[in-house]
Amino acid sequence: MILLHGFPDDARAWDGVAPALAAAGHFVVVPYLRGYGPTRFLDAATPRSGQQAALGADLLALMDAMGIGRALLAGYDWGGRAACVVSALWPERVAGLVSANGYNIQDIAGSIRPAPAEQEQRYWYQWYLHTDRGAAGLAADRDGFCRLLWRSWSPGWRFTDAEYARTAESFRNPDFVDVSVHSYRHRHRAAAGDPALDAIEARLAARPKITISCVVLHGAEDGVDPPANSIGCESRFSGLFRREVIPGAGHFIPREAPQPWVVSLLGLGIP
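Because the structure is a prediction, the values reported are computed rather than measured. (Residues numbered from 1 in each chain as written. Predicted model: local features only at pLDDT ≥ 70, side-chain atom pairs only at ≥ 80, totals over all residues. Heavy atoms only, no water.)

Here we look at the overall build of the protein chain
And then number 1: Across its full length, the protein chain holds 12 helices and five strands.
And then number 2: Computed over the C-alpha atoms, the radius of gyration of the protein chain is 17 Å, within 12% of the 18 Å expected from 2.2 N^0.38 for a compact globule of 271 residues.
And then number 3: Oriented by its inertia axes, the alpha-carbon framework of the protein chain measures out at about 45 × 40 × 40 Å.
And then number 4: When the 271 residues of the protein chain are sorted by exposure, 55% land in the buried category.
And then number 5: Of all intrachain contacts in the protein chain linking residues separated by at least 6 positions in sequence, the fraction that spans at least 24 positions is 77%.
And then number 6: Carbon and sulfur atoms make up 55% of the accessible area of the protein chain, which totals about 11,300 Å². (Helix = DSSP H or I, 4+ residues; strand = E, 2+ residues; numbered from the N terminus. Rg over C-alpha atoms; globule rule 2.2 N^0.38 Å. Buried < 20%, exposed > 50% of the residue type's maximum accessible area, 1.4 Å probe, protein only. Contact = heavy atoms within 4.5 Å. Areas by Shrake-Rupley, 256 points an atom, 1.4 Å probe, with all protein chains shown as cover.)

Re the sheet that holds strand S1 (residues 2-4)
And then number 1: Taken together, five strands build an open sheet; the order of strands is S1-S2-S3-S4-S5 and the sheet is parallel. The open sheet has two edge strands, S1 and strand S5 (241-246), and neither has a second partner. On average, each strand axis in the sheet is tilted by 15° relative to the strand beside it, whichever way the strands run.
And then number 2: In this structure, strand S3 (residues 94-100) lies alongside strand S4 (residues 214-219), joined through four bridges in parallel fashion. Residue pairing across strands places Ser 99 opposite Val 216, the latter belonging to S4.
And then number 3: Its contacts with the sheet put helix H12 (residues 258-268) on S1, strand S2 (71-75), S3, S4 and S5, and the angle it makes with S3 is roughly 160°. (Pairing = 2+ DSSP bridges. Axes fitted to C-alpha atoms, helices over the stretch in contact; angles between N-to-C directions.)

Here it is in structure tokens:
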């Protein structure tokens, strides 16, 4: 089982999930995404891309490097996007999927269409990072920026200063700002992608259906992506499908409500 964190978070998001899965006999991998924690680019010339194709390609490369032929995938936010990309394009490598907030593959061509005003307001951080001022603001105050998102996206979650500080170390990564800024600019056609990933983005532009069994979990109190946003997402899935709204949980649901992840992953079976 491979568990993938989101923005702005790190591998500790799964501390309440991974031990239970391992105790049930599963081999559990909890990686850092590019630009977080100890990850480093091997070549200074490699674009610091945060686009969806990069996240999916990283996950596939990790599986190849570890000799994992097939796995159960779970993720939320950026991690959910990586899991959805691999599930859609390489379904033979995926035994089952647990994805927060639905079908996470971006419709980049359709990003020109505005969302309702309330949703546009929730995405303030994306528009902020489209500007040089926003990129400089994230670089200058990573803690203030990311802590604000933790509080506003999961308003009922009472995390401690120590809990936040342990993960905030991952935001010190030298590529965190560049990867984050590129992610939010690319998805709205404000930045070019990595040319090496063009073939994957071309396949994703078709919005391929996910054909493997999937459970969608959505926090009832999600402050950036309310549960109404995933209603009807089953149209993007053609395998066995279940959607569950988690009462009291916000956006960081592996931290806030680990048990539904454990139950859902164990219910999908052994790869």
